[in-house]
Amino acid sequence: MTNPISRRAFSGLTAGVVLGAATDLSADDDKPKADAIPTPASPTEAPFERDYAAPTFKPSWKKPQLNRLLVQDFVIFAHSDLEMTKKLLEKEPALINATMDWGAGDWESGLGGASHMGRRDIVDMLLEKGARIDIFCAAMMGQLDAVKAFLTLQPKLIDAKGPHGFTLHFHAQVGAKDSEKVLDYLQSVKKIELKPNPFLKPESPKKPT
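Overview of the structure. (Residues numbered from 1 in each chain as written. Predicted model: local features only at pLDDT ≥ 70, side-chain atom pairs only at ≥ 80, totals over all residues. Heavy atoms only, no water.)

**Side note on the nonpolar core**
Spelled out, the test is: The criterion is simple. A nonpolar core is a set of buried Ala, Val, Leu, Ile, Met, Phe, Trp, Tyr and Cys residues joined through side-chain atoms within 4.5 Å. A 1.4 Å probe rolled over the protein chains alone gives each residue an accessible area, and that area as a share of the maximum for its type sets the label: buried under 20%, exposed over 50%, partly exposed in between. A run of H or I in DSSP counts as a helix once it spans at least four residues, and a run of E counts as a strand once it spans at least two, with each numbered from the N terminus. Any two residues whose heavy atoms approach within 4.5 Å at even a single point are treated as in contact.
Counting residues in hydrophobic clusters, the biggest one holds 27 residues, and the most contacted among them are Phe74, Leu89, Leu95, Val123 and Leu126. Of all elements in the fold, only helix H2 (68–77), helix H3 (82–91), helix H4 (110–116), helix H5 (120–128), helix H6 (135–140) and helix H8 (168–174) reach the threshold of two or more residues within this core. Apart from the residues lying within four places of it in its own chain, the contact partners of Leu126 are Phe74, Thr85, Leu89, Ile96, Gly110, Leu111, Ala114 and Ala131. Counting residues in hydrophobic clusters, the runner-up holds 13 residues, among them Phe136, Ala138, Ile158 and Ala160.

What follows is the structure, given as structure tokens:
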């Protein structure tokens, strides 16, 4: 059963990834004004100029790209809100495999967000709609044979990092009981110090009988 993540745990996992603020300051005043209103930071594209020959293939761009704000909202909702994830997917089915770069190449899809949050219900829905499963999702879902197959194909995947740098071990942890065998297997391949699972509520002490 999926344990709902607390607001504090969610904030701890995603702090510094998708949220930020910038204060609007006037150009001629180097001190913040008392009534300055913080505004959300906007994504910026890193500067780039080719220092190599351009590819001979030229994209036709016959269709518009998905709106970045819509992709952003979809990926955020897919972390924790099943109904809104469904709603946006119905609005734009192409969101199913859309990815958001949160900065410096931290790419994340809706499936990636749902996977590291341990939201099996959202993952199930996205897979049914055609989302592309990966080793991180397989680890969270407890798919031991799939994880073994990936690591047989490329053993160095044991050190692979998912969205926001979350490890395979972490994904297996948030899968809780469903992925205990996957976690045991990953620990047998490479033993690491595991941090407490942020999705599991601590058990209440048993009352003496």
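So much for the structure itself; the text now carries on.
**Looking at the packing of aromatic side chains**
Definition in use: Stacked, tilted and edge-to-face pairs are distinguished by plane angle, under 30 degrees for stacked and over 60 for edge-to-face with tilted covering the rest, among Phe, Tyr and Trp rings (Trp via its six-membered ring) whose centres lie within 6.5 Å. Counting as a charge over the ring demands two things of the Lys NZ or Arg CZ atom: a distance within 6 Å of the ring centre and an angle within 35 degrees of the ring normal.
Counted under the stated rule, the structure contains 2 aromatic pairs. When the centroid spacing of 6.4 Å and the interplanar angle of 45 degrees are considered together, the rings of Phe48 and Tyr52 count as tilted. Between Phe166 and Phe170 the ring centres are 4.5 Å apart and the planes differ by 15 degrees, which places this aromatic pair in the stacked class. The same class applies to Phe166 as to Phe170, namely buried. Looking at Lys148, its charged tip hangs above the ring of Tyr185, at a distance of 5.4 Å from the centre.

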